[in-house]
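Residue-level listing of the chains:
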Amino acid sequence: MIDNTNSLLSVPTGSLAIPQDTCKTALLLSLIIPTYQESENIQSIIKILTQIFDDSIPGEYELIVVDDDSPDDTWKLAQSLMPKYPQLQVMRRQSERGLSSAVIRGWQMARGDILGVIDGDLQHPPHIILRMLEAMKKNADLVVASRHVDGGGVSSWSFMRRFLSRGAQLLGLIILPEILGRVSDPMSGYFMVRRSCVAGTTLNPVGYKILLEVVGRGNVGKIAEVGYVFCERKQGASKVTWKQYVDYIHHLLRLRLSTGRLEKFSQSMGFPIGRFLRFGVVGLSGVFVDMAVLYFLSDPTTLALPLTRSKIIAGEVAIFNNFLWNDAWTFADVSAQQRAWKQRFKRFVKFNLICLAGLVLNVVVLNVVFNLILANRYIANLIAIAVATIWNFWVNLKLSWRVTQVK
């Protein structure tokens, strides 16, 4: 059920395209505040932003809170603030979830010539917004608040979180250099863009990183960056999880396929390259799982089990790991139609048997290439792995993940 009470914005459905035209009472800026479980912060951020804009652009802005039906009633608390803050509007979503789609839904209802987004947890310092707005007034199409330029940084991140953030940035530069090379902080969720740059464009982001979609699909010319220090939360719980990094990789691959030659090749050959790349990423994760379990089982300092027995167990654990990821990600659209445990177990058994056949194929190809074609064991092994990977993917695509009976 969609809440359409008079004091709440009606929630749009369907396409995630941004309207071309604003209404007659167009504003300079529409700032979206996507929220979930932010009842402890929502009053503070609304108060601070209102003070900033009333002093700088009075009457030329609006704040739109888009809440994903928070159990702590963030939307209700924000709604209660509307009489005090006439520039505030609130949207409660009950049939959709996700930060990126929340931002787009807010933009669809917005009246501003400039569209912006800021987190509702005060980890994005609100005072930076004036510097961003100033850059927009100097004819920038997009202004990104960045942690990786002068004046930017993070307050107290752990080494692992810094490593993951920088690693994600590097991975993005490898996969999408022509897009991510334009901004220093592609994972930023604090930015402004001109409506004209995204109007009429259907945005289809994955997870939290909507900036990737704006830069990749929008008609963005001049980009400016403003440094900011990412602050730690004072209230509420962090929502950073491993799933965000998985969604980020998924998003990169999908943008790569939709913006390059691979898409044309995939269509002409009838080969689902997007799925294959995801399958490859999952396979790579299985290598690390296999190595870790093998070490734990066989190393003299741990369990010290026999090598062969350890390898069999490690291989099966890796296969199980790969199955879970492929079922939840690579072939998610198929598995969503066959959710019964019996159907899932059948897929797992098929996956196991196909991977076992792939292992036999790997050994055969390795020996053929090494003995008859190229006497280099490492190159021969790479060729064998490639052949086995294609085998595993294609046969699983045709046999393991296919819709036969929907429940």
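Residues numbered from 1 in each chain as written. Predicted model: local features only at pLDDT ≥ 70, side-chain atom pairs only at ≥ 80, totals over all residues. Heavy atoms only, no water.

**Q** How should the overall build of the protein be read in this particular structure?
**A** The helix and strand inventory of the protein stands at 15 helices and nine strands. The buried share of the protein, taken over its 407 residues, is 47%. Counting only contacts in the protein whose residues sit at least 6 apart along the sequence, the fraction spanning at least 24 positions is 79%. Only carbon and sulfur atoms are counted for the fraction: they give 61% of the accessible area of the protein, which is about 20300 Å². (Helix = DSSP H or I, 4+ residues; strand = E, 2+ residues; numbered from the N terminus. Buried < 20%, exposed > 50% of the residue type's maximum accessible area, 1.4 Å probe, protein only. Contact = heavy atoms within 4.5 Å. Areas by Shrake-Rupley, 256 points an atom, 1.4 Å probe, with all protein chains shown as cover.)

**Q** Would you mind going over the pairing of strand β5 (residues 142–146) with me for this structure?
**A** Sheet faces and side chains relate simply in a regular strand, where the side chains alternate between the two faces. Burial analysis of β5 places five of its five residues in the buried class, which makes it a mostly covered element. Every second residue of β5 is oriented toward a common face, with Leu142, Val144 and Ser146 on one face and Val143 and Ala145 on the other, all of them buried. Note that β5 and strand β7 (residues 191–194) share three bridges and pair antiparallel. Counted as the bridge partner of Val144 is Phe191 from β7. For β5 and strand β8 (residues 223–227), the ladder comprises five bridges, and the chain directions are parallel. By the bridge assignment for β8, Leu142 is matched with Ile223. (Pairing = 2+ DSSP bridges.)

**Q** Would you mind showing me how to read the sheet that holds β7 here?
**A** Across a sheet, strands are paired by hydrogen bonds formed along the backbone, either parallel or antiparallel in direction. With mixed pairing, seven strands are arranged side by side in an open sheet as β3-β2-β1-β4-β7-β5-β8. Where the open sheet ends on each side, the last strands, each with one partner, are β3 (88–92) and β8. The average undirected angle you get between the axes of adjacent strands in this sheet is 20°. The strands touched by helix α1 (residues 42–56) within the sheet are β1 (27–35), β2 (61–67) and β3, with β2 carrying the most contacts at an inclination of about 165°. Helix-sheet contacts for helix α3 (residues 99–109) involve β1, β2, β3, β4 (112–117) and β7, and the interaxial angle to β1 is about 150°. (Axes fitted to C-alpha atoms, helices over the stretch in contact; angles between N-to-C directions.)

**Q** I would appreciate a short explanation of the packing of aromatic side chains in the present structure.
**A** The description of an aromatic ring pair rests on the distance of the ring centres and on the angle between the ring planes. Tallied over the full model, the rule gives twelve aromatic pairs. Taking 5.3 Å as the distance between ring centres and 70° as the angle between the ring planes, the aromatic pair formed by Phe276 and Phe393 counts as edge-to-face. Of this pair, Phe276 sits in helix α11 (residues 273–298) while Phe393 sits in helix α15 (residues 377–400); the two residues are 117 residues apart in sequence, bridging distant segments of the chain. With a relative accessible area of 21%, Phe276 lands in the partly exposed category. Take Phe393: its relative accessible area is 0%, and that puts it in the buried class. Taking the centre distance of 5.2 Å and the plane angle of 65° together, the rings of Phe323 and Phe348 count as edge-to-face. Highlighted residues: Phe323 in helix α12 (residues 307–330) and Phe348 in helix α14 (residues 341–373), separated in sequence by 25 residues. Residue classification places Phe323 among the buried residues on the basis of a relative accessible area of 3%. Pairwise contacts between aromatic rings join Phe276, Phe279, Phe320, Phe323, Phe331, Phe348, Phe351, Phe393 and Trp401 into one cluster. The lysine or arginine in question, Arg147, covers the ring of Phe230, its NZ or CZ lying 5.9 Å from the ring centre. (Phe/Tyr/Trp six-rings, centres within 6.5 Å; stacked < 30°, edge-to-face > 60°. Lys NZ or Arg CZ within 6 Å of the ring centre and 35° of its normal.)

**Q** What is the right way to read the side chain of Asp121 from this model?
**A** For Asp121, the location among the structural elements is in the loop between β4 and α4 (128–137). A residue is classified by how much of its surface remains accessible, and Asp121, at 7% relative accessible area, is buried. Here Gln123 takes part through its backbone nitrogen, which lies 3.0 Å from a polar atom of the side chain of Asp121. (Polar contact = N/O pair within 3.5 Å; in protein donor to acceptor, adjacent residues only side chain to side chain.)

**Q** Would you take a moment to explain the nonpolar core for this structure?
**A** Across soluble globular proteins, nonpolar side chains have a tendency to be buried as a group. The biggest cluster of nonpolar side chains holds 38 residues, and the ones touching the most others in it are Ile46, Phe53 and Leu88. Those elements giving two or more residues to this core turn out to be β1, α1, β2, α2 (74–80), β3, α4, β5 and β8. In terms of nonpolar packing, the next biggest core, distinct from the first, is built from 26 residues, Ile18, Ala110, Ile179 and Val214 among them. (Core = buried A, V, L, I, M, F, W, Y, C linked by side-chain atoms within 4.5 Å.)

**Q** Would you take a moment to explain the pattern of salt bridges for this structure?
**A** Should their charged atoms come close, side chains of opposite charge can pair. Applying the stated criterion to the full structure yields eleven salt bridges. Residue Arg93 is joined to Asp68 by a salt bridge in which the shortest nitrogen-to-oxygen separation is 2.7 Å. Linking Arg93 in the loop between β3 and α3 with Asp68 in the loop between β2 and α2, this pair joins segments that are 25 residues apart in sequence. Taking the relative accessible area as the measure of exposure, Arg93 reaches 1% and is therefore buried. The exposure class assigned to Asp68 is buried, which follows from its relative accessible area of 6%. A salt bridge links Arg93 to Glu96, with the shortest nitrogen-to-oxygen separation between them at 3.3 Å. Judged on exposure class, the residue Arg93 and its partner Glu96 are both buried. (Salt bridge = Lys/Arg side-chain N within 4 Å of Asp/Glu carboxyl O.)

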